[in-house]
Amino acid sequence: MKKKHNSVFQALSMVSQFGISMVVPIAMCCALGYFLDKHFGTSFFFIILFFVGAAAGAWNVYKTVKTIARLDEKNDNPFTSRIEKE
């Protein structure tokens, strides 16, 4: 029973990592865009940097998934190796 809980927590940590990898670049770029818009009196930096942050977040998630897939091929992945043994 404890092994099932470990695999659930590992899956939750992986999903949390994806979420943080998406949210942090978006939040940072939005904050920078807001500051630049207030400083220069414009209204387009926020929108442009929002999409830059979204692209950076998507790239982070892509790299993470690619790393997990590579580890999965080698059977060194801590997320899936325990699930397959059960």
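Not measured: the values here are computed from a predicted model.

**Student:** Which residues make up the overall build of the protein, and what values go with them?
**Tutor:** Check the secondary structure of the protein and you find 3 helices and 0 strands. The order of helices and strands in the protein, counted from the N terminus, is α-α-α. By residue count, 23% of the 86 residues in the protein fall in the buried class. Approximately 6500 Å² of the protein is accessible, and the part contributed by carbon and sulfur atoms is 70%.

**Student:** Account for the state of the cysteines, naming residues and giving values.
**Tutor:** Under the counting rule described, the total for this entry stands at 0 disulfides. Of all cysteine sulfurs in the structure, the one in cysteine 30 sits closest to cysteine 29, which takes part in no disulfide; the separation is 7.2 Å. Residue classification places cysteine 30 among the buried positions, given a relative accessible area of 12%.

**Student:** Give a detailed account of the environment of isoleucine 47, specifying residues and quantitative values.
**Tutor:** Structurally, isoleucine 47 can be placed in helix H2 (residues 45-74). When the C-alpha positions of isoleucine 47 and cysteine 30 are compared, they lie 7.7 Å apart, and in sequence the two are 17 residues distant.

Conventions and cut-offs
Residues numbered from 1 in each chain as written. Predicted model: local features only at pLDDT ≥ 70, side-chain atom pairs only at ≥ 80, totals over all residues. Heavy atoms only, no water. Helix = DSSP H or I, 4+ residues; strand = E, 2+ residues; numbered from the N terminus. Buried < 20%, exposed > 50% of the residue type's maximum accessible area, 1.4 Å probe, protein only. Areas by Shrake-Rupley, 256 points an atom, 1.4 Å probe, with all protein chains shown as cover. Disulfide = S-S within 2.5 Å.

On their own, these measurements won't tell you what the molecule is for.
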